[in-house]
Number of protein chains: 2
Amino acid sequence: MTDQATSIIAGSDSEQADVAAATAAAAEAFAAYRATSPEERAAFLEAVAAEIEADKDAIIPEAVRESSLPEARITGEVGRTTGQLRMFADVVRRGDHLGVRIDPAMPDRAPLPRADIRQRMVPLGPVAVFGASNFPLAFSTAGGDTASALAAGCPVVVKGHPAHPVTGTLVARAITRAVERSGLPAGTFSFVLGGIETGQELVADQRIAAVGFTGSRGGGLALVQAAAAREVPIPVYAEMSSINPVVVLPGALEGDVTALAEAYVASLVLGAGQFCTNPGLLFLPSGEAGDAFLRAAGAAVQRASGAPMLTPGIAEAYASGTASLRGTEGIRVIGEGTPGGDLAPAPVLYEAPAELLSLDDSTVTDEVFGASGVVVRFGDVTELLPRLEGLEGQLTATVHATDADADDAAALLPVLELKAGRILFNGWPTGVEVGHAMVHGGPFPATSDSRSTSVGSLAIERFQRPVAYQDVPAGLLPAAVRDDNPWGLRRRVDGILE
Amino acid sequence: MTDQATSIIAGSDSEQADVAAATAAAAEAFAAYRATSPEERAAFLEAVAAEIEADKDAIIPEAVRESSLPEARITGEVGRTTGQLRMFADVVRRGDHLGVRIDPAMPDRAPLPRADIRQRMVPLGPVAVFGASNFPLAFSTAGGDTASALAAGCPVVVKGHPAHPVTGTLVARAITRAVERSGLPAGTFSFVLGGIETGQELVADQRIAAVGFTGSRGGGLALVQAAAAREVPIPVYAEMSSINPVVVLPGALEGDVTALAEAYVASLVLGAGQFCTNPGLLFLPSGEAGDAFLRAAGAAVQRASGAPMLTPGIAEAYASGTASLRGTEGIRVIGEGTPGGDLAPAPVLYEAPAELLSLDDSTVTDEVFGASGVVVRFGDVTELLPRLEGLEGQLTATVHATDADADDAAALLPVLELKAGRILFNGWPTGVEVGHAMVHGGPFPATSDSRSTSVGSLAIERFQRPVAYQDVPAGLLPAAVRDDNPWGLRRRVDGILE
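Residues numbered from 1 in each chain as written. Chains lettered and ligands numbered in written order. Predicted model: local features only at pLDDT ≥ 70, side-chain atom pairs only at ≥ 80, totals over all residues.

*Asks:* So what's going on with the overall build of chain A? Residues and values would help.
*Replies:* Secondary structure summary: chain A contains 13 helices and 18 strands in total. For chain A, the C-alpha radius of gyration of 24 Å lies close to 23 Å, the compact-globule estimate for 498 residues. Seen along its three principal axes, the alpha-carbon backbone of chain A occupies a region of about 75 × 60 × 40 Å. Taking all 498 residues of chain A together, the buried fraction comes to 58%. Contacts in chain A between residues far apart in sequence, at least 24 positions, make up 76% of those at least 6 positions apart. (Helix = DSSP H or I, 4+ residues; strand = E, 2+ residues; numbered from the N terminus. Rg over C-alpha atoms; globule rule 2.2 N^0.38 Å. Buried ≥ 20, exposed ≤ 12 C-beta atoms within 10 Å, placed from the backbone. Contact = placed C-beta atoms within 7 Å.)

*Asks:* So, the sheet that holds strand β12 (residues 348–351) of chain B: which residues are in play, and what are the values?
*Replies:* Strand-to-strand pairing in sheets goes through backbone hydrogen bonds, with the strands running parallel or antiparallel. Here we have 12 strands laid out as an open sheet, ordered β18(A)-β17(A)-β2(A)-β3(A)-β16(A)-β15(B)-β14(B)-β9(B)-β10(B)-β13(B)-β12(B)-β11(B), and mixed in their pairing. Unpaired on one side and paired on the other, β18 (496–497) of chain A together with β11 (332–336) of chain B mark the two borders of the sheet. One ladder, built from 3 bridges, connects strand β16 (residues 464–470) of chain A with strand β15 (residues 420–425) of chain B; its direction is parallel. Residue pairing in the sheet places glutamine 470 of chain A in a bridge with leucine 424 of chain B of β15 of chain B. Helix α11 (residues 312–326) of chain B rests against β11, β12 and β13 (372–378) of chain B of the sheet, and its axis sits at about 30° to β13 of chain B. (Pairing = 2+ DSSP bridges. Axes fitted to C-alpha atoms, helices over the stretch in contact; angles between N-to-C directions.)

*Asks:* Explain the relation of the copies chain A and chain B to me, and be specific about the residues and the numbers.
*Replies:* For the pair chain A and chain B, the relating rotation is 180°, the translation along its axis is 0.0 Å, and the fit reaches an RMSD of 0.0 Å. Within this description, the copies of the chain are treated as partners about a two-fold rotation axis. When each C-alpha of chain A is compared by its distance to the rotation axis, alanine 228 of chain A comes out closest, at 4.0 Å. (Least-squares fit on C-alpha atoms with pLDDT ≥ 70 in both.)

*Asks:* So what's going on with the packing of helix α2 (residues 38–54) of chain A against helix α4 (residues 71–94) of chain A? Residues and values would help.
*Replies:* When two helices pack together, their arrangement is given by the angle between their axes and by how far apart the axes lie. Residues and elements named next belong to chain A. The N-to-C vectors of α2 and α4 enclose an angle of 170°; their axes lie 8 Å apart at closest approach. Compared by their axis directions, α2 and α4 come out roughly antiparallel. From α2, Pro38, Glu39, Arg41, Ala42, Leu45, Glu46, Val48, Ala49, Ile52 and Glu53 reach across to α4, where they touch Val78, Thr81, Thr82, Leu85, Arg86, Phe88, Ala89, Val92 and Arg93. Class assignment of the residues belonging to the contact of α2 with α4 gives a composition of 11 nonpolar, 2 polar and 6 charged. (Parallel < 35°, antiparallel > 145°, perpendicular 65-115°, else oblique. Nonpolar A, V, L, I, M, F, W, Y, C, P; charged D, E, K, R; others polar.)

*Asks:* Requested: an account of the interface of chain A and chain B, with residues and values cited.
*Replies:* The partner chain B presents 57 residues to the 57 residues of chain A that form the contact. Considered class by class, the residues forming the side of chain A that touches chain B number 30 nonpolar, 12 polar and 15 charged.

*Asks:* Just give me the short version of the sheet that holds strand β16 (residues 464–470) of chain B, but keep the residues and values in it.
*Replies:* Strand order in this open sheet of 12 strands is β11(A)-β12(A)-β13(A)-β10(A)-β9(A)-β14(A)-β15(A)-β16(B)-β3(B)-β2(B)-β17(B)-β18(B), and the pairing throughout is mixed. Only two strands of the sheet have a single partner each, and these edge strands are β11 (332–336) of chain A together with β18 (496–497) of chain B. Inspection of the sheet shows strand β2 (residues 101–103) of chain B paired to strand β17 (residues 492–493) of chain B by 2 bridges, in the parallel sense. Paired with isoleucine 102 of chain B across the bridge in β17 of chain B is valine 493 of chain B. Packing of helix α11 (residues 312–326) of chain A onto the sheet brings it into contact with β11, β12 (348–351) and β13 (372–378) of chain A, and relative to β13 of chain A it is tilted by some 30°.

*Asks:* Requested: an account of the pairing of β16 of chain B, with residues and values cited.
*Replies:* Residue and element names in this part refer to chain B. Most of β16 sits inside the fold, with 7 of its 7 residues counted as buried. The two faces of β16 match: Gln464, Pro466, Ala468 and Gln470 on one face and Arg465, Val467 and Tyr469 on the other face are all buried. Pairing analysis gives 7 bridges linking strand β3 (residues 117–123) to β16, with the strands arranged antiparallel. Residue pairing across strands places valine 122 opposite arginine 465, the latter belonging to β16.

*Asks:* Any chance you could break down helix α5 (residues 144–152) of chain A for me, citing the residues and the numbers?
*Replies:* Residue and element names in this part refer to chain A. By the criterion of burial, α5 is predominantly enclosed, with 9 of the 9 residues buried. Turning to α5, its buried residues number three or more, namely Gly144, Asp145, Thr146, Ala147, Ser148, Ala149, Leu150, Ala151 and Ala152. Following α5 by one or two positions, glycine 153 adopts a phi angle in the positive range, close to 100°.

*Asks:* Can you break down the environment of alanine 404 of chain B residue by residue, with the values?
*Replies:* Summarising the element assignment, alanine 404 of chain B is placed in the loop between β14 (394–400) and α13 (406–419). Under the C-beta neighbour-count criterion, alanine 404 of chain B is labelled partly exposed, with 13 such atoms within 10 Å.

*Asks:* Outline the packing of helix α3 (residues 56–67) of chain B against helix α4 (residues 71–94) of chain B, supporting the account with residue identities and numerical values.
*Replies:* Residue and element names in this part refer to chain B. Close contact between α3 and α4 brings their axes to 9 Å; oriented N to C, the two are set at 130°. The orientation of α3 with respect to α4, classified from their angle, is oblique. α4 is crossed by α3, and the crossing has right-handed handedness. Counted together, Lys56, Ile59, Ile60, Ala63 and Val64 of α3 and Glu71, Ile74, Thr75 and Val78 of α4 form the full contact between these two elements. Here the residues of the contact of α3 with α4 sort into 6 nonpolar, 1 polar and 2 charged. (Left-handed = near helix turned anticlockwise from the far one by under 90°.)

*Asks:* Just give me the short version of the environment of arginine 377 of chain A, but keep the residues and values in it.
*Replies:* Tracing the chain through its elements places arginine 377 of chain A in strand β13. Beyond its immediate sequence surroundings of up to four residues, arginine 377 of chain A is in contact with Leu284, Ser286, Gly290 and Ala354 of chain A.

*Asks:* Help me get a handle on unusual backbone geometry, residues and values and all.
*Replies:* Leaving glycine out, the prevailing phi sign among residues is negative, and the prevailing peptide bond configuration is trans. Between alanine 110 of chain A and the following residue, proline 111 of chain A, the backbone shows a cis peptide bond with an omega angle of 0°. Of the consecutive residues phenylalanine 444 of chain B and proline 445 of chain B, the connecting peptide bond is found in the cis state with omega at 5°. Positive phi, close to 55°, is recorded for alanine 272 of chain A, a residue that is not glycine. Turning to its location among the elements, alanine 272 of chain A is positioned in the loop between α9 (257–269) and β10 (281–285). Although it is not a glycine, serine 68 of chain B adopts a positive phi angle of roughly 65°. Its 18 C-beta neighbours within 10 Å are what place serine 68 of chain B among the partly exposed residues.

*Asks:* A description of the environment of alanine 252 of chain B should follow, citing residues and the corresponding values.
*Replies:* Residue and element names in this part refer to chain B. Mapped onto the secondary structure, alanine 252 falls in the loop between β9 (246–248) and α9 (257–269). Residues alanine 252 and aspartate 405, spaced 153 residues apart in sequence, show a C-alpha to C-alpha distance of 8.1 Å. Leave out the neighbours within four places in its chain, and alanine 252 touches Leu260, His400, Ala401, Thr402 and Asp405.

*Asks:* Which residues make up α13 of chain B, and what are the values?
*Replies:* Residue and element names in this part refer to chain B. Across its 14 residues, α13 extends 20 Å between first and last C-alpha, which sits within 8% of the 20 Å expected from 1.5 Å per residue. At leucine 413, α13 shows its maximal bend, which comes to roughly 35°, and the proline proline 414 appears one to four places after that position. Burial in α13 covers these residues: Asp408, Ala409, Leu412, Leu416, Leu418 and Lys419. (Expected span 1.5 Å × (residues − 1). Bend = angle between axes of the 7 residues up to and from the residue.)

*Asks:* Give me the lowdown on the confidence of the model for chain A, citing residues and values where you can.
*Replies:* All names here are of chain A. Of the residues in chain A, 97% reach a pLDDT of 70 or more, and the chain-wide mean stands at 95. Below pLDDT 50 for its whole length, residues 1–5 participates in 19 contacts with residues either more than four positions away or in separate chains. Segment residues 10–16 is flagged for pLDDT under 50; beyond a separation of four residues in sequence, or across chains, it makes 15 contacts in the model. (pLDDT = per-residue confidence, 0-100.)

Structure, rendered in structure tokens:
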């Protein structure tokens, strides 16, 4: 049935189980887990954070070994992961995500009386989470999808990424201890290892109610299709593919062009370019100042050396993507660094003619996962706008501008808003802040569902649905919508927030 | 290309156009329409309501003629339609749907400073709306889907229902006048008539960003599939199929059983049973009190006569659905009314053995659109729970209970919450209040997307997505997220609602 599926179900003695056992346990746990109070659920999320911290001396070296990422980066990821869990604990305690609405009865309304109607959000059910290769902690076993689904009241079954099975298993054990310590049902969290077939089996399982995924476009679309083909289709939140366009406006080239170019290359090569928000496409003004930027960027790339990539497969895909750019007529290499070893290919920067963007050929606009960037020149904003309008959906869009560029920037904004989930000025898209206002999402194919984010507190809303209670007797109402408001929630009464 | 497609584009001289012209106009209108201020957009929604009211003496007789529904019902629907538009005007003015979140910059944070990040919701883009046959006004051309999409800032292309083309055209003309009066771009609203091919062409059109639909399961699923097969898939909010289970608990049979049975039958035959919330399945306790209820319900159905159905196709489907019930071994007729004419078949009430619910055969659980009800008996709640758990997703679930049933009712609630979008006590599911707490939605196949509602103010959230603005210069920020808060919006700052 499954290809070497291995699972940990909290509270079970064995680490050998399969997808069906994990989803059955999740389904069984759902009733008790979703009935936890905000305080109980928040305390559990904090316990998960504490158990991960307690094991960090074991987790960090394994994650470094399995991912080839530097220790400082992995240490930072532990902090991001535990911080994320604690942020969701705060969100759960505050309870705004329950979206309580009360339309009180109007028994004397004519011609018909109005019933008492109350609304709250309920969790969707067990959620399948697919960890990402490039964030073995923060977007993986206990990452943002897991944290937000648990916060919403959904049991979680994680399919660990095959690139870091030991890290995943260690984190899963920490979560499992938190489940036990918190007196929650064993199936609140399970961890499964396996290949593509295991993933397909998990998404097809009728007990799974939603899917969170971070990875490739092909992988994400396969899950979207599997979810749509079910007897009961379910939502899939897949974060898939983005080249994160950057627009440099002329005013931004009036300052220190070399510093700007070096900051760009620093973002391009960060983590061997293995970020969903890597700036893969940069629009640069024609003319001398742009030429100077390009020379400085080329030189900076030449000074950079390759860092080890996450897996041989990712290194191969990078080699094939860069070869395809190199082999395309009209594209030229502006700068190339030095390889850092076998699986540490050289960063490379290309220039491509703008015409290539309007062809059916997607060589320039396909994501090359890694430190590969393409620069396209433009004359003025009138010429640039249709190029931007022609791009696919993106996670981010960046503008470098000064006050002198205000009119151009104002013309770009409405276009960028429709293309991307996050618009940033005078910075670089790598480095996604975990907070309440963050959007890490965007129109297809950046994600499969633009109506949400996978980073930040809004992510909890992905895993819930509204239920209305009409004339339900006071003694039977869920606590969230009771008149005495035992959880002290902000409520919307007759449409007005209290 | 299209099968007799006819369209009205606001401001155009001709009423003859096609899907492509309507979607092109919508795409062109999008930028200007979404840039309207809350006040401008709210005033436009109110203008639509006023223009419909101005034409009601022309609209009402046409709607009565085309739908065979009584004048009082259609008059009520005009009020519901205009009231709905005005409710969304209030929602837009309040602006809470913009979901503004601000995480202020922390320039001195260590180890890394935090950028200024602001979030607001933006509209998805042009929305295709498919009107329902059974509500020629409130769920049709200017119905809830249109009102909520326009409120969100999305241009709308309505495919009018072929059962009431004249009503649809008259309403479309009223909306068109409101578009003109409000100085909005012509493509803000368009109306197209045509068949299934026209609908498919509309959903496949790359300019359409989301779909609202109310109708049959087959029709809804076809649109879901068409939307998923696009190069860029889009969300479909299809409200499709529900049998709205009612559970009568023993305590409820200790009062006036005859009055209760008659109220049930009144809900069953209301509007010839042509409501998505029609109570198609009732669970009744075994024993004498239940027998008395059943006798009284049978007698009430026998006294009822059929009312004209909306279309010959709907009357045929009703005949076929009731024939299938009648022809199933074990199902018996409890009461049958008298036909009210050719297209006005008799209401009918059946009793089915509980075992039929657990078979693969879905005869008892398939929706029969019309005044056909099935009663299933049960011994106690232990026996009832798995029956309810086995049902598909529903728009509503109803419980009749007294204080004596509190324990049983408490056991039912967690199951019903996972099955339905609305739970009601001691009432009947027909009659959906338009308000802020209403949920008219539910798990598949009640709808294709349980995370929303098609009635009530929450419906506006279906047509938006979040965008984050990072370090965007103050002068370029959209009004909703500016520091001076010109629209007086409630904002979430660092996670806390102001």
